[in-house]
Amino acid sequence: MEQTADEIRRLKACINDLISVLALPAIWSGGEPSQVVSTLLDVLLGMLDLDFVYAKLNDPISGAPSEIVRLAQPGNVRASTQEIGQVLNTWLRDNPHTSSLVVRNPVGDGDVSIASFRPGLLDSIGVVVAGSGRANFPTATERLLLGVAANQAAIGLQEARLLSEQRRVAEELDQRVAERTRQLIIVNEDLRRENTERRRAEEALRESEERWRAVFDNSAAGIALANPSGRFLAGNLAYQKMLGYSEKELRELSFLDITHEDYRDANSELTTELLEGKRQYFEMEKRYRRKDGNLIWVRVHVSLVSGKQITPRFLLVIVDNITELKRAEEGLRDAQMTLAHVTRVATLGEMTASIAHEINQPLGALVNNANACLGWLSTENLEEVRNSVELMLDDAQRASEIITRIRSLVKKAPPQKDWLDINQTIREVIGLARNEIQRNGVALETQLSDDMPLIFADRIQLQQVMLNLMMNAIEAMTQVTTPRELLISSGADDSKGVVVVVRDSGPGLDSKSHERLFEPFYTTKPQGMGMGLAICRSLIEAHGGRLWATTNAPHGAVFQFTLPIGSVKVS
Ligand code: ADP
């Protein structure tokens, strides 16, 4: 009966302990593996009346073991956890399959009964060893409790490990997310900075564009942009007003379309040179045809603008509409031409006697030869008849040449340049003035160089200059009784042009009036006009040359001029 009661008590105690062991997972739920083991050891120590409990757990990741010991009377034990572990591990290694044994007590005196169990199915988790000085340890109930505890511990550890693995993974994930987020923030920051910079650059560009558009629109100068083939891309208000076309209409045109035919070739030659990089810029005076058909004169500056992002474009700037200026220039040129014509006619007027004599000579010879011819005809001497007729033809030719020369000088023709031999021009003028030279007892000497370049010049204008200088020289020499010598020479100029010198032995130039000779209307002659030298200088300068006077030694004056070779090209 008492035995039954004992048994019932024991069973109740056992059930209580079992409930305690079964409740363990609730305690250690969510804890670390080390916490699980600590709780397990504490519960076992208290529940089973043990001297010590020892656990060695393998770390699932590194495999490194960790040891924990719980002692019933910790104060009496001097051995360290490692020393206790060493004793127990030796025993475990030597008796791997034995779950209980009596060994020397590692934490006290005498022997101790020990029981070991390995949580889980495999040995991988570790081992738990319980030791008690009681000889009956472990009893069947204790073995049961230890077994259940082992299973609970296995589940708990597994859970704890899973949990800690989950935590580790979650942490790692968190770290990665944090790292990614950090990188994203950096990238975002970069993007934001880039965006701000781009916005700032765009803003600056827009401001600059607005500024330039304002300059473009409000400029008093006509400004236009055209593509490489000359088609307009834009034209400001001043440009539109100048030409009478709207910007839209301009875009349908090229600048050659509105350029007067006379200037197109020169214009496209210059723009080609710009495109080929042969020049950076050019400036030209030309005529534009307005939309209403009227012609205007402009001075246009053209350059090529190019950049990294744009194809090259022509920039046309018209600083001034020079129509009025050109009109005035044309008027001046007309007036000059008329004046030049008048002085030429006047000079020739002075030479009337001389010219009449010059023409009379061949005409007289012609009459003589005609008479002779008639005589030969009556004697039927045909040989002599032919001779006379040939002489008559020569005389007629000479007379006609003289008339042609005079006519060309009297003719009021606009300037016309051509390649010419200056020596030939000098000879023609000498031919005209020959009689005047002889009549005034002047000895003429010519020194015309053979090595002369052709020059691009107006023949009649140069004849006029030569005639004026020669007539002035002859007239000046009429004032002296000393020998009258006229020397006309030509040569190549140092600067690749020509130089012509007219030297006389007249009274020379007085130093007071020297500078005034070339002034219009300056004359010392009672019938003089004082325009000859002024016109000569303007004609020579219009050819890009120079005319000046010096004193001849020992007496007389020297007038000389230079002329560059000249060029057909519009400059
Ligand atoms: P004009 O012959 O009608 O006087 P020009 O302009 O040809 O006009 O000449 C201006 C002046 O220059 C002349 O009146 C004369 O005093 C002076 N002059 C020109 N040529 C000579 C010369 N060869 N020798 C001396 N004086 C000269």
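Residues numbered from 1 in each chain as written. Predicted model: local features only at pLDDT ≥ 70, side-chain atom pairs only at ≥ 80, totals over all residues. Heavy atoms only, no water.

**Student:** Help me out: how do you make sense of the packing of helix 11 (residues 422–439) against helix 12 (residues 459–477) in this one?
**Tutor:** Relative placement of two packed helices is described by the angle separating their axes and the distance separating the axes. Following both chains from N to C, one finds helix 11 and helix 12 inclined at 40 degrees, their axes separated by 9 Å at the closest point. Judged by the inter-axis angle, helix 11 sits oblique to helix 12. Handedness of the helix 11/helix 12 crossing: right-handed. Contact residues: Ile-422, Thr-425, Ile-426, Glu-428, Val-429, Ile-430, Ala-433, Glu-436 and Ile-437 in helix 11; Arg-459, Leu-462, Gln-463, Met-466, Leu-467, Met-470, Met-471 and Ile-474 in helix 12. Of the residues belonging to the contact of helix 11 with helix 12, the class tally is 12 nonpolar, 2 polar and 3 charged. (Axes fitted to C-alpha atoms, helices over the stretch in contact; angles between N-to-C directions. Helix = DSSP H or I, 4+ residues; strand = E, 2+ residues; numbered from the N terminus. Parallel < 35°, antiparallel > 145°, perpendicular 65-115°, else oblique. Left-handed = near helix turned anticlockwise from the far one by under 90°. Contact = heavy atoms within 4.5 Å. Nonpolar A, V, L, I, M, F, W, Y, C, P; charged D, E, K, R; others polar.)

**Student:** I'm lost on the confidence of the model for the chain in this one. Help?
**Tutor:** When pLDDT drops low, the exact placement of atoms in the prediction is not to be read closely. Residues at a pLDDT of 70 or more form 93% of the chain, whose mean pLDDT is 84. Element-level mean pLDDT values for the chain span from 72 in helix 8 (residues 323–350) up to 97 in strand 15 (residues 498–504). (pLDDT = per-residue confidence, 0-100.)

**Student:** Teacher, can you tell me more about the nonpolar core here?
**Tutor:** The nonpolar side chains of a soluble globular protein tend to be buried, and buried together. Ranked by internal contacts, the top residues of the largest apolar core, which has 52 residues, are Ile-422, Met-466, Met-470, Leu-486, Phe-559 and Phe-561. Element by element, the count of residues in this core is highest for helix 12, at 11 residues. Composition of this core by domain shows at least three residues from each of domain 3 (323–414) and domain 4 (416–571). For Phe-559, the residues in contact, after removing those within four places along its chain, are Leu-469, Val-500, Val-501, Val-502, Leu-509, Leu-517, Phe-518, Leu-533, Trp-548 and Ala-549. Listed in part, the 31 residues of the second largest apolar core include Leu-57, Ile-68, Ala-115 and Ala-150. (Core = buried A, V, L, I, M, F, W, Y, C linked by side-chain atoms within 4.5 Å. Buried < 20%, exposed > 50% of the residue type's maximum accessible area, 1.4 Å probe, protein only. Domains from an automatic or database assignment.)

**Student:** Help me out: how do you make sense of the packing of helix 12 against helix 13 (residues 532–542) in this one?
**Tutor:** Packing of helix 12 against helix 13 brings their axes to within 10 Å, and their N-to-C directions diverge by 145 degrees. Judged by the twist between their axes, the crossing of helix 12 over helix 13 is left-handed. Listed contacts from helix 13 to Gln-461, Leu-462, Gln-464, Val-465, Asn-468, Leu-469 and Asn-472 of helix 12 are Gly-532, Leu-533, Ile-535, Cys-536, Leu-539 and Ile-540. Of the residues assigned to the contact of helix 12 with helix 13, the class counts are 8 nonpolar, 5 polar and no charged.

**Student:** How should I be thinking about empty space enclosed by the protein in this particular structure?
**Tutor:** Sizing a probe to match a water molecule and rolling it over the atoms shows the empty space that remains. In this structure the tally under the stated criterion is 1 cavity of 30 Å³ or more. Among the elements of the structure, strand 8 (281–289) and strand 9 (295–305) are those that each provide at least two residues to the lining of the largest cavity. (1 Å grid on protein atoms, 1.4 Å probe; cavity = no way out; pocket = protein on both sides within 12 Å on 5 of 7 lines; lining within 4 Å. Points joined across faces, edges and corners; volume = space filled by probe spheres on them.)

**Student:** Teacher, can you tell me more about the site of the ligand here?
**Tutor:** Taken together, 19 residues lie near the ligand, and Asp-504, Thr-523, Thr-524, Lys-525 and Leu-533 sit nearest. Within the contact set of the ligand, an oxygen atom lies 2.6 Å away from a side-chain nitrogen or oxygen of Thr-523. Contact between the ligand and Leu-533: an oxygen atom at 2.8 Å from a main-chain N or O atom of the residue. Out of a free accessible area of 530 Å², the ligand has 90% covered by protein chains. Sorting the residues of the shell around the ligand by element identifies helix 12, helix 13 and strand 17 (557–563) as the ones contributing at least two each. Of the residues forming the shell around the ligand, the biggest block, 3 residues, is contributed by helix 12. Taken together, the residues that form the shell around the ligand break down as 10 nonpolar, 7 polar and 2 charged. (Near = heavy atom within 4 Å. Polar contact = N/O pair within 3.5 Å; in protein donor to acceptor, adjacent residues only side chain to side chain. Areas by Shrake-Rupley, 256 points an atom, 1.4 Å probe, with all protein chains shown as cover.)

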